[in-house]
Amino acid sequence: MKKNLIIVFTILGFLLHAQTVKIKRGIVTLEGVHVAKISNKSNIYTFMDLKETPIYTVEFVDKSIVDSVRDSYIKLNRIYNKDKTLELDYISPSAFSGEEKSAAYTCVKSLKIIDERGINIKNLDELFKNSPKRKLDTKTKDAYTIRSKIDRLNITVNTVGEILSNGKPVGYFTNLPVSFGADDTIADKTFVDIEIYDANSKYIGKYITTTKQIKTAGGKTFTLYREMSGRASILKFPTYKAIAERMAILDPNFIKFQEKVIVGEVTKDGVQK
């Protein structure tokens, strides 16, 4: 019982001493004291001192990496010294906090660049000298690895359903709709599956429109679906390019990445320049 009381009073003490971050009419306050000003234009938040001198900006980024995996972070940029831009994790006081509140909360609680005296230039400059690494979870790290491989394959789909990798034909779609477009999303549910073959007409797999499922010839399956993630919703229907990319992930033998080898000139004595 005594131990439980100690824990309760410790938590209460922490809550009582925790700084309250509030924003009203563009003024950031800590425990009722005005410490900074903030303005918003095109989703970029500019933090100013109380004399309205712009000091730095915070921009929110939310992007799809691959499939349903998204990454959300902020870009921090100094106005008086734009030698580089930092990509950093941010925190929010609650799941319902907007970007403005999350930006101020992160600057106070996480980055420590706003305190009871205002914007701390010393801490801001130190942050740019020793910028912290982002804390990505395993799912996000794996998604970036996959994205890197996909980008190197440079997959495109032309107007007749042919699949290309770095400009070279590697496969094609069949059972395409009459109104097919390379960048169209697959929204119609049909009882005829959209199939994929490689450049040698070997069956690779199919996309089942009724279940939004990709199935390889080897039996691997992947289900595409819509879900809410962070501050944005995932695209409900995939494009033909996205289907080809996912098939390349599921079946590495479908499209193999080939390194470009640059051959130099060879001299008379057989030495390569």
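Residues numbered from 1 in each chain as written. Predicted model: local features only at pLDDT ≥ 70, side-chain atom pairs only at ≥ 80, totals over all residues. Heavy atoms only, no water.

**Brief notes about the sheet that holds strand β16 (residues 221-223)**
Here is the rule: A pair of strands is labelled paired if DSSP reports no fewer than 2 bridges between them. By definition, any uninterrupted DSSP run of H or I lasting at least four residues is a helix, any uninterrupted run of E lasting at least two residues is a strand, and each is numbered from the N terminus. Axes here mean lines fitted to C-alpha atoms, for a helix over just the part in contact, with angles spanning 0 to 180 degrees between N-to-C directions.
Pairing is antiparallel across the open sheet formed by seven strands, whose spatial order is β10-β11-β12-β13-β14-β15-β16. Each edge of the open sheet carries a strand with a single partner, namely β10 (155-157) and β16. Here the strands of the sheet are splayed against their neighbours by 20° on average, with no regard to which way each runs.

**Describing the packing of helix α4 (residues 138-153) against helix α5 (residues 240-250)**
To describe two helices that pack against each other, one gives the angle between their axes and the distance between the axes. Convention followed: Any angle that is under 35 degrees is reported as roughly parallel, and any over 145 degrees as roughly antiparallel; angles of 65 to 115 degrees are reported as roughly perpendicular and all others as oblique. Each crossing gets its hand from how the near helix is turned against the far one by less than a right angle, where anticlockwise is left-handed and clockwise is right-handed. Any two residues having at least one pair of non-hydrogen atoms within 4.5 Å are treated as being in contact. Residues are sorted three ways: Asp, Glu, Lys and Arg are charged, Ala, Val, Leu, Ile, Met, Phe, Trp, Tyr, Cys and Pro are nonpolar, and all the rest, Gly among them, are polar.
Relative orientation of the contacting elements α4 and α5 amounts to 115°, with a least axis distance of 11 Å. Between α4 and α5, the crossing angle belongs to the class labelled roughly perpendicular. Crossing of α4 against α5: the hand is right-handed. Two secondary-structure elements touch here, α4 through Ile146, Arg147, Ile150 and Leu153 and α5 through Glu245, Ala248 and Ile249. Looking at the contact of α4 with α5, its residues break down into five nonpolar, no polar and two charged.

**Comments concerning the pattern of salt bridges**
We apply this condition: A pairing counts as a salt bridge when a side-chain nitrogen of Lys or Arg comes within 4 Å of a carboxyl oxygen of Asp or Glu. Accessible area is worked out with a 1.4 Å probe on protein chains only. A residue is then buried under 20% of its type maximum, exposed over 50%, and partly exposed in between.
Counted according to the given criterion, the structure contains nine salt bridges. Close ionic contact of Asp71 with Arg134 constitutes a salt bridge, the shortest N to O distance being 2.8 Å. Taken as a pair, Asp71 in strand β6 (residues 69-78) and Arg134 in the loop between α3 (121-129) and α4 lie far apart in primary sequence, 63 residues in all. Among the residues examined, Asp71 registers a relative accessible area of 4% and is labelled buried. Of the charged contacts, one joins Glu245 and Arg147 as a salt bridge, the two residues approaching to 3.4 Å between their closest N and O atoms. Here Arg147 lies in helix α4 and Glu245 lies in helix α5, a separation of 98 residues in the sequence. On the basis of relative accessibility, which here comes to 10%, the residue Glu245 falls in the buried class. The network of salt bridges with shared partners includes Asp71, Asp89 and Arg134.

**Remarks on helix α2 (residues 99-110)**
Taken together, the buried positions of α2 are Glu99, Ser102, Ala103, Ala104, Thr106, Cys107 and Val108. On the buried face of α2, the contacting elements are β1 (21-24), β2 (27-30), β4 (44-48), β5 (54-66), β6 and β8 (114-115). Of the residues flanking the end of α2, it is Lys112, one or two places downstream, whose phi is positive at about 60°.

**With respect to the nonpolar core**
Here is the rule we go by: Note on terminology: a nonpolar core comprises buried Ala, Val, Leu, Ile, Met, Phe, Trp, Tyr and Cys residues joined through side-chain atoms within 4.5 Å.
One finds Phe47, Tyr56, Val58, Leu76, Ile113 and Ile114 to be the most contacted residues of the largest nonpolar core, which totals 27 residues. Broken down by secondary-structure element, the contributors of at least two residues to this core are β2, β3 (33-41), β4, β5, β6, β7 (86-88), α2 and α3. Not counting residues up to four positions away in its chain, the partners in contact with Phe47 are Lys37, Ile38, Thr53, Pro54, Ile55, Tyr56, Val58, Ala103, Ala104, Cys107, Ile114 and Ile119. Core analysis: the next-biggest nonpolar cluster, separate from the first, contains 22 residues, Ile155, Ile196, Ile214 and Met247 among them.

**Section: the sheet that holds β3**
Read across the open sheet, the seven strands follow the order β1-β2-β3-β4-β5-β6-β7; overall the sheet is antiparallel. What marks the edges here is a single partner per strand, and that holds for β1 and β7. Direction aside, the axes of adjacent strands within the sheet are offset by 30° on average. In this structure, β1 lies alongside β2, joined through four bridges in antiparallel fashion. Paired with Ile23 across the strands is Val28, a residue of β2. Sitting on the sheet, α2 is in contact with β1, β2, β3, β4, β5 and β6, with an inclination near 140° to β1.

**Remarks on the pairing of β5**
Where β4 and β5 come together, five bridges link them in antiparallel fashion. In the strand pairing of β5, Met48 is matched with Pro54. The antiparallel hairpin formed by β4 and β5 contains five residues in its connecting segment, where Glu52 sits at a positive phi of about 70°. Bridge count for β5 against β6 is ten bridges, and the pairing is antiparallel.

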